[in-house]
Amino acid sequence: MVAISLIVAIGAQNAYILKLGLLKQHVLKAVLICIFFDIFLISLGVYGLGFFIQGNQLLINSIAIFGMLFLSFYAFSCFKSALTNNSLKIDDNVKTNPLKEVISLLLVFTLLNPHTYLDTVLLIGGIGANIEDDLKPYFLLGTVLASTSWFFTLGFGARVLIPLFKKPITWKILDIFIGILMLFIAYSLHNLIK
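Criteria and thresholds
- Residues numbered from 1 in each chain as written.
- Predicted model: local features only at pLDDT ≥ 70, side-chain atom pairs only at ≥ 80, totals over all residues.
- Heavy atoms only, no water.
- Helix = DSSP H or I, 4+ residues; strand = E, 2+ residues; numbered from the N terminus.
- Buried < 20%, exposed > 50% of the residue type's maximum accessible area, 1.4 Å probe, protein only.
- Contact = heavy atoms within 4.5 Å.
- Salt bridge = Lys/Arg side-chain N within 4 Å of Asp/Glu carboxyl O.
- Phe/Tyr/Trp six-rings, centres within 6.5 Å; stacked < 30°, edge-to-face > 60°.
- Axes fitted to C-alpha atoms, helices over the stretch in contact; angles between N-to-C directions.
- Parallel < 35°, antiparallel > 145°, perpendicular 65-115°, else oblique.
- Left-handed = near helix turned anticlockwise from the far one by under 90°.
- Nonpolar A, V, L, I, M, F, W, Y, C, P; charged D, E, K, R; others polar.
- Patch = residues over 30% accessible without salt bridge, like charges linked within 9 Å, V, L, I, M, F, W, Y side chains within 5 Å.
- Areas by Shrake-Rupley, 256 points an atom, 1.4 Å probe, with all protein chains shown as cover.

Comments concerning the overall build of the protein
The secondary structure content of the protein amounts to eight helices and zero strands. In the protein, the succession of α and β elements from N to C terminus is α-α-α-α-α-α-α-α. Buried residues in the protein amount to 44% of all 194 residues. Considering only residue pairs separated by 6 or more positions, the protein has 89% of its internal contacts joining residues 24 or more positions apart.

Considerations on the pattern of salt bridges
In the structure shown here, the tally under the stated rule is one salt bridge. Residue Asp-133 pairs with Lys-136 through a salt bridge whose shortest N-O separation is 3.2 Å. The exposure class assigned to Lys-136 is buried, which follows from its relative accessible area of 4%.

As for the packing of aromatic side chains
Aromatic rings considered in pairs are described by the distance between their centres and by the relative angle of their planes. Inspection of every chain in the model, using the stated rule, returns four aromatic pairs. Taking the centre distance of 6.4 Å and the plane angle of 10° together, the rings of Phe-36 and Phe-40 count as stacked. Taken together, the residues Phe-36 and Phe-40, both in helix H3 (residues 27-53) and four residues apart, mark about one turn of the helix. Aromatic rings pair up to connect Phe-36, Phe-37 and Phe-40 into one cluster.

Observations concerning the environment of Phe-165
Of note, Phe-165 is situated in helix H7 (residues 136-165). Separated by 143 residues in the primary sequence, Phe-165 and Leu-22 have C-alpha atoms spaced 10.0 Å apart.

Points about the packing of helix H4 (residues 57-82) against helix H8 (residues 168-188)
For the pair H4 and H8, the least separation of the axes is 8 Å and the interaxial angle reads 165°. Classified by the angle between their axes, H4 and H8 sit roughly antiparallel to one another. Of the two possible hands of crossing, H4 and H8 adopt the one that is left-handed. Residue-level inspection shows Met-68, Leu-71, Ser-72, Tyr-74, Ala-75, Phe-76, Cys-78, Phe-79, Ser-81 and Ala-82 of H4 in contact with H8, the latter providing Lys-172, Asp-175, Ile-176, Ile-178, Gly-179, Ile-180, Met-182, Leu-183, Ile-185 and Ala-186. Across the contact of H4 with H8, the residue classes tally to 15 nonpolar, three polar and two charged.

Let's talk about a nonpolar patch on the surface
A cluster of nonpolar side chains, Leu-28, Leu-32, Phe-152 and Phe-156, forms an exposed patch at the surface whose accessible area comes to about 330 Å². Contributing elements (two or more residues each) for the nonpolar patch: H3 and H7. By secondary structure assignment, the location of Phe-156 is in helix H7.

Here it is, written out as structure tokens:
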């Protein structure tokens, strides 16, 4: 639930994967790059960052409070976005972008986006770092499955969504759904605070 609610949030990276899927351009490579970086960054949070925050209740409280505020803000951003009339503009005559350009843009959207680190290393990784050591691999496996499922669904499922995402109501429903999930996860973080 934690991983999928944060990974599903439509940001620059996901919007780019959606666009590549709709245009049927380098989808598999793009999806695999996103999954790799999710696994790497979440693992860093669960095992690397976890070493520093485990047992440090002040830091855990700070991360939880920051997470609650960030997720609440993001939820209200989604609700605000739902009030706008966004729709997807698709030009069927677009030329295929070179693979080098696609990978470069994807790396920029992934590695130069502070939300990537907030979501994967701090929020998801921080939650995973506080799980008992013998359960961490299962938590990590769950996040990997969530990431893999999401990116494959987004990239390859985009083709069937072309008619839907031309309608603003689809974006509204997606934004509202993501906003509700964000508020649910923000509320659940209060259990970490002692």
